[in-house]
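Fold and geometry: a report
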Amino acid sequence: MSFRVILAGATGETGRVVLSNLLNDDRISKVTTLGRRESTVQHDKLQHHVVDFDNLPQDVFSDHDVAMCTLGTTRARSGKEGFLKVDKEYISDFARKSKEAGVKQMHLLSSQGANADSYFLYTQVKGEVDNLVTNMGFPDKVVIYGRLSCWLTDRSPGCWRDRPYGSFGGPT
């Protein structure tokens, strides 16, 4: 069985590694990436779309089995409003449009300590988005609560690379 994946956040530090792994995985037949700029990555499986995340087009979500989101910024880099826009609005919209298009699996990079009741804005927003995605009704979802090192290295026991992409095609 092969999978068709749509990925938001492919140009970020984590997203670049995820994209590389997807493109080199024989189980993946198509990877669609969404970004604000042109991609420098070229591959037969890759279709890149330059998008305005404030107005994501619904049509790019059709014909995919799996959605993966590694979008994210920090308050220090983007300010409070920018952080809320990217880490809450953009991620929520990506998940919602994926669900509306019939995507069966949603993979979301979250954060350790994510908690909607947190006093800290970062972990509060991560928790709110985790809850939103969890309650959207995807038949299969994977929320990754890990350190960035878990995504980027092979040396972290129990991290996602020990079980790439969760369990494509099975319950998680």
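This text goes with the structure placed above it.
Residues numbered from 1 in each chain as written. Predicted model: local features only at pLDDT ≥ 70, side-chain atom pairs only at ≥ 80, totals over all residues. Heavy atoms only, no water.

1. With respect to the overall build of the protein chain
Broken down by element type, the protein chain carries four helices and six strands. In the protein chain, the succession of α and β elements from N to C terminus is β-α-β-β-β-α-β-α-β-α. Buried residues in the protein chain amount to 48% of all 172 residues. Taking all contacts inside the protein chain whose residues are at least 6 apart in sequence as the whole, residues at least 24 apart take part in 63%. Taken as a whole, the protein chain presents about 9,000 Å² of accessible surface, with 47% of it coming from carbon and sulfur. (Helix = DSSP H or I, 4+ residues; strand = E, 2+ residues; numbered from the N terminus. Buried < 20%, exposed > 50% of the residue type's maximum accessible area, 1.4 Å probe, protein only. Contact = heavy atoms within 4.5 Å. Areas by Shrake-Rupley, 256 points an atom, 1.4 Å probe, with all protein chains shown as cover.)

2. Points about the sheet that holds strand β2 (residues 28–35)
Spatially, six strands are ordered β3-β2-β1-β4-β5-β6 in an open sheet, and the strand pairing comes out parallel. Only two strands of the sheet have a single partner each, and these edge strands are β3 (46–50) and β6 (140–144). Sheet twist, expressed as the average angle between the axes of neighbouring strands with direction ignored, equals 15°. Here four bridges tie strand β4 (residues 66–69) to strand β5 (residues 105–109), and the two strands are oriented parallel to one another. The residue bridging Met-68 from the neighbouring strand is His-107, located in β5. Packed on one face of the sheet, helix α2 (residues 75–100) meets β1 (3–8), β2, β4 and β5 and runs near 180° to β4. (Pairing = 2+ DSSP bridges. Axes fitted to C-alpha atoms, helices over the stretch in contact; angles between N-to-C directions.)

3. Things to note about the pattern of salt bridges
Counting across every chain of the model gives seven salt bridges. With a shortest N-O distance of 2.6 Å, Asp-65 and Arg-4 are connected by a salt bridge. Of this pair, Asp-65 sits in the loop between β3 and β4 while Arg-4 sits in strand β1, placing them 61 residues apart in sequence. We classify Asp-65 as buried; its relative accessible area is 19%. On the accessibility criterion, Arg-4 (25% relative accessible area) is partly exposed. The partner of Lys-88 in a salt bridge is Glu-128, with the nearest N and O atoms 2.6 Å apart. (Salt bridge = Lys/Arg side-chain N within 4 Å of Asp/Glu carboxyl O.)

4. Examining the packing of aromatic side chains
Tallied over the entire structure, the rule returns three aromatic pairs. Ring geometry for Phe-83 versus Tyr-122: centroids 5.6 Å apart, planes at 25°, classification stacked. On the criterion of sequence distance, the pair formed by Phe-83 in helix α2 and Tyr-122 in helix α3 (residues 121–134) is long-range, its members being 39 residues apart. It is Lys-99 that lies over the ring of Phe-138; its NZ or CZ is 5.9 Å from the centre. (Phe/Tyr/Trp six-rings, centres within 6.5 Å; stacked < 30°, edge-to-face > 60°. Lys NZ or Arg CZ within 6 Å of the ring centre and 35° of its normal.)

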